[in-house]
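What the coordinates show
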Amino acid sequence: MGKRKELKLEIHESGKTIKSQKLCGTNYPVCISFIVVNEFCERFSYYGMKAVLTLYFINYLHWNQNLSTAVYHAFSSLCYFTPILGALIADSWLGKFKTIVYLSVFYVLGHVVKSVGAIPSVGDSTIHIALSMVGLILIAFGTGGIKPCVAAFGGDQFDEEHTNERRKFFSIFYMSINAGSVLSTVITPILRGNVQCFGGDCYALAFGVPAILMVIALVVFISGSGMYKKSPPEGNVLLDVCRCLGLAIKNRWMSSKYDSKRKHWLDWAEEKYPKRLIHEIKMVLRVLVLFIPLPMFWALFDQQVRIQFIRSFPVFCSSLFFQMLNALLILMFVPIFDVVVYPLIGLSVKSLLPLSLFPHSVSKLIGQGYPWQIPQYALMTAGEVMFSIPGIEFSYSQAPANMKSLLQAGWLLTVAFGNVIVLIVAEGAGLDQWMEFLLFAGLLVAVCIIFSIMAYFYTYVDPGELDKLFPDKTVNEDEDDLKKDQTDDTMYLNSIEKSTNM
C-alpha cells in the first residue's frame, strides 16, 4: 500500500498519548503539510496586500511620495519588530499553537478593516485613512506575531534524531513563502487594475482576496490540530531572563577583589537562579551576538524594493517584475542548493552565512543598467537562499527548547534593523542612488569579513544535552554530582563559556 502511513506515539501537551503520523514511509510528520500550506496562504495574503499598497497610498488616499514612503517603511519595520511580542506570548504564556491561532484572528481582522477602508462609500477620506492605519497595525501585529512561532512550531514536529529531515523542512518552508509571494504579486495588481468597482480601480477587492487567503490559512492550520506536537509554555521566560541578567550584572558590579572568581559573568546569578537557566541564557546570548552584523545584509537586500525610487507606474511595474523574478529564482535555487550545495560545503554557520554575503555585495557593483539586472538578481537570490534558510535552521537548532520562538524573533529583528539602517541612510545622508549602492556594498563586504571571523570562533552546541546535565529545571545540582562521569558534559559547557565570556 503506497499510501501507508507510519504511526509513532508522542506525548501531547495535555499529557495524553497521541499518534504522530508519518508521510508514506518517511520521517516527515503529516502535520507539516498543514504548516506549509498555512505559510503559503499567509505569505500570499501579506505580499498580495503589499503589492498594491504603494499605489493605494498615492492614487486612492492621495498622499505624496514622501508620506507614502514613510508609512510604507514604518509598516514594514513594524512587521519585523513585532515578532519579539509573538515570541514572548508563545514561550511564556500561550504556547506556539494558541499564539498562532489567536494572532491570526487579529491578522484576518486587519485585512477586513483594510478592505472596508478601501470602499469609497464608507465615510470620507478621514475615515478611509483611519481604517487603513488600524488595518495595517493589526496586520503588522498579526504577521509579525506569528512569524517566529510558525517556523519554530514546524521544527518542533520532528524527532530529535531526524535533523536532516528538519533541515529540508525549512527549505520547503522557505519555498512556500516565495511561492505565495510570486502568485500574490501577479494576481492582486491584476485585480486592482483590471476589475472595476465603485467607479474606479477595485482596491477593496485587491485587499479582500488576501483577507480570504488569510482565513484559509487559519482554517488549514487549525485543521491539523489533532496531529501536532504542542510544547507547553514554561512560565514567564523573558522576565526570568531579565531578572537573571540584572542580578548577574549587579553582583558583578558590586563584587570585590576578595570574592571568588567566576568563569563567566552570568555565573554571578547562581546564588538565586538555576544553573540550567543560566546556561540557556548563555546559549541565546552567543547566537544574538553572532547576529549583530547581519542587519547590513537586509539593508542591502532592501535596495531592490526601495519605494523611494518609484517615480512612475511603469517603474513600479518593473519593481514588481523583479520581485517576482527574485521569488521565482528562489523556487529554482532552493532544490539545487538543497541537493548539491548544502551537502557539498556543509550546512553550517561557519560556511554558508559568510559565503552568502559575497554574491549579494558583488551584485551591486557590476552595474545598474537594465541589461545587468537579471544577473544581479540571480546573484542576490543565491545569497538570499544561502543566508535565509541556514539562518532559520541555525536559530532553531541552537536555541533551548523554551526559547525557540524567542531566538527566531531575534533572527527576524535583523531584518527590522536592516530597514532602520536604510531609512537612516536614505533620509539622512542625501546621497545619490549609485553612491548609496556603493556604500551599502562596501559596508557589506566589511561585515562579511567581520562575521566570518566571528563564525570561525563559534562552537555548535546541542540543546538536548541540557536535559542530561540538568534533569531538574528549577533546582541547582551539587557540584560534586555534576563532576561525576561528566567529562564530555564538561567539555560541552566549556565551549559555551569560551564563546560567551565578556
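Quick caveat: nothing in here was measured; it's all calculated off a predicted structure.

1. Here we look at the overall build of the protein chain
Secondary structure summary: the protein chain contains 19 helices and four strands in total. When burial is assessed residue by residue, the protein chain has 56% of its 502 residues classed as buried. When contacts within the protein chain are restricted to residue pairs at least 6 apart in sequence, those whose partners lie at least 24 apart make up 77%.

2. Focus: empty space enclosed by the protein
Taken as a whole, this structure holds three cavities of 30 Å³ or more when the rule is applied. Each pocket or cavity is described by its volume, and for the second largest cavity that value is around 60 Å³. Gly95, Lys96, Phe97, Lys230 and Ser231 are, among the eleven residues lining the second largest cavity, the residues nearest its centre. If you list the elements that add at least two residues to the lining of the second largest cavity, you get helix 5 (96-116) and helix 6 (125-156). At three residues, helix 5 tops the list of elements feeding residues into the lining of the second largest cavity. Considering only residue class, the lining of the second largest cavity consists of three nonpolar, two polar and six charged.

3. Quick notes on the packing of helix 3 (residues 65-81) against helix 6
In contact at an axis separation of 7 Å, helix 3 and helix 6 are set at 30 degrees when each is read in the N-to-C sense. Taken together, the axes of helix 3 and helix 6 are roughly parallel relative to one another. The handedness of the crossing between helix 3 and helix 6 comes out as right-handed. Within the contact between the two elements, helix 3 uses Val71, Phe75, Leu78, Cys79 and Tyr80 and helix 6 uses Met133, Leu136, Ile139, Ala140, Thr143, Gly144 and Lys147. Here the residues of the contact of helix 3 with helix 6 are counted per class, giving nine nonpolar, two polar and one charged.

4. Things to note about the state of the cysteines
Evaluated as defined, the whole model comprises one disulfide. Note that cysteine 197 is cross-linked by a disulfide to cysteine 202, the S-S spacing being 2.0 Å. On the sign convention where negative is left-handed, the bridge of cysteine 197 and cysteine 202, at about 105 degrees about the S-S bond, is right-handed.

5. Quick word on unusual backbone geometry
Even without being glycine, histidine 62 reaches a positive phi, approximately 60 degrees. Looking at the element boundaries, histidine 62 is found in the loop between helix 2 (53-60) and helix 3. With relative accessibility at 64%, the residue histidine 62 sits in the exposed group.

6. Looking at helix 16 (residues 433-456)
Here helix 16 is 24 residues long and its end C-alpha atoms lie 34 Å apart, about the 34 Å a rise of 1.5 Å per residue gives. Among all positions of helix 16, only Glu436, Phe437, Phe440, Ala441, Leu444, Val447, Cys448, Phe451 and Ala455 are buried.

7. Thoughts on the packing of aromatic side chains
The geometry of two aromatic rings is summed up by the distance between their centres and the angle between their planes. For the structure shown, the criterion picks out 29 aromatic pairs. With a centroid separation of 5.5 Å and an interplanar angle of 65 degrees, the aromatic rings of tyrosine 56 and tyrosine 203 are classed as edge-to-face. Remark: tyrosine 203 occurs in helix 8 (residues 203-223) and tyrosine 56 occurs in helix 2; sequence separation between them is 147 residues. Like tyrosine 56, the residue tyrosine 203 is buried in the burial classification. Consider the rings of phenylalanine 297 and tryptophan 298, whose centres lie 5.0 Å apart with planes at 90 degrees: the pair is edge-to-face. By the ring-pair criterion, three or more aromatic residues cluster together here, those being Tyr28, Phe158, Phe169, Phe170, Phe173 and Tyr396. A cation sits over an aromatic face here: arginine 262 above tryptophan 268, 4.2 Å from the ring centre. Over the ring of tyrosine 458 we find arginine 286, and its NZ or CZ is 4.3 Å from the ring centre.

8. A look at the environment of cysteine 79
You can see cysteine 79 is positioned in helix 3. Look at cysteine 79 and you get buried, because its relative accessible area is 0%. In this structure the C-alpha to C-alpha distance between cysteine 79 and phenylalanine 141, which are 62 residues apart in sequence, comes to 6.7 Å. With near-sequence residues (within four places) excluded, cysteine 79 lies in contact with Tyr46, Ala140, Thr143, Gly144 and Lys147.

9. As for the nonpolar core
Leu53, Tyr56, Phe57 and Phe75 are the most contacted members of the largest nonpolar core, which totals 117 residues. Tallying contributions element by element places helix 8 first for this core, with eleven residues. In this structure, leucine 53 is in contact with Tyr72, Phe75, Lys114, Leu136 and Phe207, ignoring residues within four places of it in sequence. Counting five residues, the second-largest nonpolar core is a separate cluster that includes Val461, Leu466, Leu469 and Phe470.

10. Digging into the confidence of the model for the protein chain
The pLDDT averaged across the protein chain works out to 80; a share of 78% of its residues lies at or above 70. By mean pLDDT, helix 18 (residues 479-483) is the weakest element of the protein chain at 41, and helix 5 is the strongest at 96. Contacts from residues 307-315, a stretch scored under 50 in pLDDT, to residues over four places away or in other chains number 22 contacts. Low pLDDT (under 50) marks residues 364-370, which in the prediction has 20 contacts with non-local residues, meaning those over four places away or in another chain.

11. Points about a nonpolar patch on the surface
A cluster of nonpolar residues, Leu431, Trp434, Met435, Leu438, Leu439 and Leu443, forms a patch on the protein surface that exposes about 510 Å² of accessible area. One can find methionine 435 in helix 16. For methionine 435, a relative accessible area of 32% translates into the label partly exposed.

Scoring rules and cut-offs
- Every chain is numbered on its own, with residues counted from 1 as its sequence reads.
- Only residues with pLDDT of at least 70 are given local features in this predicted model, and only at 80 or more are side-chain atom pairs given and counted; all residues enter the totals for whole chains, interfaces and linings.
- Where side-chain values are given, they derive from all heavy atoms of the structure, hydrogens and water being excluded.
- For the purposes of this entry, the term helix denotes a DSSP run of H or I that reaches at least four residues, the term strand denotes a run of E that reaches at least two, and both are numbered from the N terminus.
- To sort residues, take the accessible area from a 1.4 Å probe on protein chains only and compare it with the maximum for the residue type: under 20% means buried, over 50% means exposed, and anything in between is partly exposed.
- The criterion used for residue contact is that any of the two residues' heavy atoms lie within 4.5 Å.
- Buried and open spaces are told apart on a 1 Å grid over the protein atoms alone, a cavity being a set of points where a 1.4 Å probe fits but cannot get out and a pocket being an open set with protein on both sides within 12 Å along at least five of seven lines. Residues with an atom within 4 Å of a point are the lining residues.
- Grid points are joined across faces, edges and corners, and a volume is the space filled by probe spheres set on the points.
- Gly counts as polar in this scheme, as do all residues outside two lists: the nonpolar Ala, Val, Leu, Ile, Met, Phe, Trp, Tyr, Cys and Pro, and the charged Asp, Glu, Lys and Arg.
- As a rule, the C-alpha atoms of each element are fitted with a line to give its axis, helices using only the stretch in contact, and angles between N-to-C directions run from 0 to 180 degrees.
- To sort the angles, those under 35 degrees are grouped as roughly parallel, those over 145 as roughly antiparallel, those from 65 to 115 as roughly perpendicular, and the leftovers as oblique.
- Helix crossings fall into two classes, left-handed where the near helix is turned counterclockwise from the far one by less than a right angle and right-handed where it is turned clockwise.
- Criterion for a disulfide: a pair of cysteine sulfur atoms at a distance within 2.5 Å.
- Expected span of a helix, by definition, is 1.5 Å for each gap between consecutive residues, and there is one gap fewer than residues.
- Think of it this way: a Phe, Tyr or Trp ring, Trp meaning its six-membered ring, pairs with another when their centres are within 6.5 Å, and the plane angle makes it stacked under 30 degrees, edge-to-face over 60, tilted otherwise.
- Two limits define a charge over a ring: the Lys NZ or Arg CZ must be within 6 Å of the ring centre, and within 35 degrees of the ring normal.
- Think of a nonpolar core as a cluster: buried Ala, Val, Leu, Ile, Met, Phe, Trp, Tyr and Cys residues, connected wherever their side-chain atoms sit within 4.5 Å.
- How sure the predictor is of each residue is captured by pLDDT, a score from 0 to 100.
- To count toward a patch, a residue needs a relative accessible area over 30% and no salt bridge; like charges are then connected within 9 Å, while nonpolar side chains (Val, Leu, Ile, Met, Phe, Trp, Tyr) are connected within 5 Å.
- With residues, only the protein chains shown are counted as cover, and all accessible areas are computed by Shrake-Rupley using a 1.4 Å probe.
- Salt bridges, as used here, are contacts in which a Lys or Arg side-chain nitrogen is within 4 Å of a carboxyl oxygen on Asp or Glu.

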